[in-house]
Amino acid sequence: MILMNDFKAEPEELRVAELTAMERVLRSGWYVLGNELQTFEQAWARRCGVAHAAGVGNGMDAIEIGLRALNIGSGDEVITTPMTAFATVLAIIRAGAVPVLADIDPGTALLDPASVERCIGPKTRAALLVHLYGQVRAMESWTALCERHGIALIEDCAQAHLAQWDEKMAGSFGSFGAYSFYPTKNLGALGDGGALVCNDAELAQRAAVLRNYGQSVRYHHPTLGLNSRLDELQAALLLTRLEWLEGFTARRCQIARTYHAGIANSAVRLLSRPIQARSHVYHLFVVLSQERDRLAHHLKEKGVQTLVHYPVPVHGQPPCKELQRDPSGLRAAEQHAAQCLSIPCHPQMSDADVTKVIDSINAFK
Ligand SMILES: *Cc1c(COP(=O)(O)O)cnc(C)c1O
């Protein structure tokens, strides 16, 4: 079976480096908020081309903590997409703010700016872009749109490690970028992890206080925070895995180019190709078909695993049926949810695996 992720197939050299990192932490006798975290935060901020990074417990908390650090909460509206991991919207709700759902562009499944503009009202405080599947696009127009309306731009970068637009990294355009290091993400820990990146020193400091019970100095709590810390073991593992990220990303992009060149079946459509060299880092390679479920079944029979990101748009989830949305509806998101299928695209795939996936899709009738 060609899997969607295959951690057991990762290079032995990486395994050995990870074991060394784990032993370093084990023998250090210090497991939470220490040197490994500080070193990783500095390395990740540098890699993202920003001044600050704050490690947190997971990607969802990175969004909640960032919103709270920006003082976005009760009564404030945050516009985002219904075609995302549920965590994006849950984080807005956890921050006490009100999510408002805008529709997507069917060519990319990214937010449609015209729909976002229809959602803007007097209570709107921010637009939360999701760099879905690893795509970053048209950031100059998003920056301009948010400036024009006096709202914050926020980036959910959970799927977009090392993605760039105009040579700037994902997470460096908005007030902050939220990263997840869940194991399946392009940079993954061996458990949960996340980080918030930003250029504002005060915002980074507020995030560092919020992630640690709202504690400023030991046992003093000027605000009510969370317990959401990136522990030393995960930080050390992330530092190690960061050295492999560029190579792994290049391999993902290479596989995607091969898919774009090789997949040819009138029953299967592909999303738009990336416009710039690194504007898509292929966390997921997604195809579209009106017969999605039959295609998934066909690929399984051929030995190719698939997943659906995402089968139910956020407004189709029971607790979110009444959420505010674009008055023109969310038709493109609903259609995408019905047709999208993610096929394997990870760095451990061999050339033979890639060919097998292409041949299997092209044989679908
Ligand atoms: C994974 C993911 C999240 C949540 O990250 P966790 O670390 O699992 O909390 C948020 N948004 C998007 C787009 C994601 O893919």
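Note that this is a predicted model, so its numbers are computed, not measured.

As a further point, take the packing of helix α2 (residues 35–48) against helix α8 (residues 232–262). The geometry of α2 relative to α8 is characterised by a closest axis approach of 8 Å and an angle of 30° between their N-to-C directions. By the angle class used here, α2 and α8 are roughly parallel. Read as a crossing pair, α2 and α8 show a hand that is left-handed. The segment α2 lies against α8, with Asn35, Glu36, Leu37, Thr39, Phe40, Ala43, Trp44 and Arg47 engaging Glu232, Ala235, Ala236, Leu238, Leu239, Leu242, Leu245 and Glu246. Of the residues in the contact of α2 with α8, the class split is 10 nonpolar, 2 polar and 4 charged.

This paragraph deals with the nonpolar core. Counting residues in each nonpolar core, the largest one holds 44 residues, and the members touching the most others are Phe40, Trp44, Met139, Trp142, Tyr179, Phe181 and Leu187. With 6 residues, α2 is the single largest residue contributor to this core.

Another aspect to go through is empty space enclosed by the protein. Counted under the stated rule, the structure contains 3 cavities of 30 Å³ or more. Around the largest cavity, the lining is made up of 15 residues, and of these Phe7, Glu10, Arg252, Pro347 and Gln348 lie nearest the centre. Looking at the second largest cavity, its volume works out to about 50 Å³. Looking at the second largest cavity, the residues that line it are Tyr133, His260, Leu270, Leu271, Ser272, His280, Tyr282, Leu284, Phe285 and Val286.

Read across the sheet, 8 strands follow the order β1-β9-β8-β5-β4-β2-β3-β12 without closing on themselves; strand pairing throughout is mixed. The outermost strands of the open sheet, each flanked by one partner alone, are β1 (52–56) and β12 (324–325). Lying on the sheet, helix α6 (residues 139–149) is in contact with β4 (124–130) and β5 (152–156); it crosses β5 at an angle near 140°.

Attention now moves to the site of the ligand. Looking at the ligand, there are 15 residues lining it, with Gly59, Asp156, Gln159, Ser180 and Lys185 nearest. A distance of 2.7 Å separates an oxygen atom of the ligand from a polar backbone atom of Gly59. Contacts to the ligand include Asp156, whose side-chain N or O atom sits 2.7 Å from a nitrogen atom. Taking 380 Å² as the accessible area of the ligand by itself, protein coverage stands at 89%.

Turning our attention to unusual backbone geometry. Across the junction of His309 and Tyr310, the peptide omega takes the value 10°, indicating a cis bond. Structurally, Tyr310 is set in the loop between α9 (292–301) and β12. A positive phi is found at Tyr133, a non-glycine position, where the angle reads about 65°. In this fold, Tyr133 is placed in the loop between β4 and α6. Look at Tyr282: it is not a glycine, yet its phi comes out positive at around 50°. As for its placement among the helices and strands, Tyr282 is situated in the loop between β10 (269–270) and β11 (285–288).

Secondary-structure assignment places Ser279 in the loop between β10 and β11. Of note is the side chain of Ser279, whose polar atom sits 3.0 Å from the backbone oxygen of Gln276. Setting aside residues up to four positions removed in sequence, Ser279 forms contacts with Gly134, Gln135, Val136, Gln164, Trp165 and Pro274.

Moving on to the state of the cysteines. One pass over the full model with this rule turns up 0 disulfides. Cys119 carries a free sulfur, and the closest cysteine sulfur to it, the one in Cys146, is 13 Å from it. The exposure class assigned to Cys119 is buried, which follows from its relative accessible area of 8%. The exposure class assigned to Cys146 is buried, which follows from its relative accessible area of 2%.

The next thing to look at is helix α1 (residues 12–28). Spanning 17 residues, α1 covers 24 Å between terminal C-alpha atoms, matching the ideal 24 Å at 1.5 Å per step. What α1 keeps buried is the set Leu14, Glu18, Ala21 and Val25. All buried residues of α1 project into a common sector of 60° when viewed along the axis, lining one side. Of the residues in α1, the exposed ones pointing more than 90 degrees away from the buried face are Glu12, Glu13, Leu19, Leu26 and Arg27. Buried residues along α1 sit against α2 and α8. The first or second residue beyond α1 is Gly29, which carries a positive phi of 75°.

Turning our attention to the pattern of salt bridges. Summed over the entire model, instances satisfying the criterion amount to 17 salt bridges. When the shortest N-O distance is used, the salt bridge between Asp326 and Arg118 registers 2.9 Å. Residue Asp326 is located in the loop between β12 and α10 (331–339), and its partner Arg118 is located in helix α5 (residues 113–119); the two are separated by 208 residues in the primary sequence. Using a relative accessible area of 41% as the deciding quantity, one classes Arg118 as partly exposed. Here Arg278 ties to Glu246 by a salt bridge, and the two come within 3.1 Å at their closest N and O atoms. Of this pair, Arg278 sits in the loop between β10 and β11 while Glu246 sits in helix α8, and the two are 32 residues apart along the sequence. Overlapping salt bridges, with partners in common, bring together Glu10, Arg15, Glu18 and Arg241 in one network.

Conventions and cut-offs
- Starting from 1, residues in each chain are numbered consecutively following that chain's sequence as written.
- Totals for whole chains, interfaces and linings use every residue, but because this is a predicted model, local features are given only for residues with pLDDT of at least 70 and side-chain atom pairs only at 80 or more, for both listing and counting.
- Only heavy atoms go into the side-chain values, all of them from the structure, while hydrogens and water stay out.
- Axis definition: a line fitted to C-alpha atoms, over the contacting stretch in the case of helices. Angles run 0 to 180 degrees between N-to-C directions.
- In DSSP terms, a helix is any run of H or I states spanning at least four residues, a strand is any run of E spanning at least two, and both are numbered starting from the N terminus.
- Convention used here: angles under 35 degrees read as roughly parallel, angles over 145 as roughly antiparallel, angles from 65 to 115 as roughly perpendicular, and any remaining angle as oblique.
- Here is the rule for handedness: rotate from the far helix to the near one, and if that takes an anticlockwise turn smaller than a right angle the crossing is left-handed, while a clockwise turn gives right-handed.
- Contact criterion: two residues are considered in contact whenever any of their non-hydrogen atoms come within 4.5 Å of each other.
- Gly falls in the polar group here, along with every residue not listed as nonpolar (Ala, Val, Leu, Ile, Met, Phe, Trp, Tyr, Cys, Pro) or charged (Asp, Glu, Lys, Arg).
- Here, nonpolar core means buried Ala, Val, Leu, Ile, Met, Phe, Trp, Tyr and Cys residues that are tied together by side-chain atoms lying within 4.5 Å of each other.
- Using a 1.4 Å probe on the protein chains alone, a residue whose accessible area is under 20% of its type maximum counts as buried, one over 50% counts as exposed, and one in between counts as partly exposed.
- We place a 1 Å grid over just the protein atoms. Points where a 1.4 Å probe fits but has no way out form a cavity, open points with protein on both sides within 12 Å along at least 5 of 7 lines form a pocket, and any residue with an atom within 4 Å of a point lines it.
- Grid points are joined across faces, edges and corners, and a volume is the space filled by probe spheres set on the points.
- Should DSSP find at least two bridges between two strands, the strands are taken to pair.
- Summary of the distance rule: residues count as near a molecule or strand when at least one heavy atom falls within 4 Å of that molecule or strand.
- For the purposes of these results, a polar contact is taken to be a pair of N or O atoms within 3.5 Å, where, inside protein, one atom must be able to donate a hydrogen and its partner to accept one; residues adjacent in sequence count only when each atom of the pair is a side-chain atom.
- Each accessible area is a Shrake-Rupley result for a 1.4 Å probe, and residues are judged covered by the shown protein chains and nothing else.
- Whenever a pair of cysteine sulfur atoms sits within 2.5 Å, that pair is classed as a disulfide.
- Multiplying 1.5 Å by the helix residue count minus one yields the expected span of that helix.
- Throughout, the arc means that of the directions going from the helix axis to the C-beta atoms.
- Note on definitions: salt bridges are taken to be side-chain nitrogens of Lys or Arg within 4 Å of carboxyl oxygens of Asp or Glu.

Without other data, these values stay purely geometric and don't point to any function.
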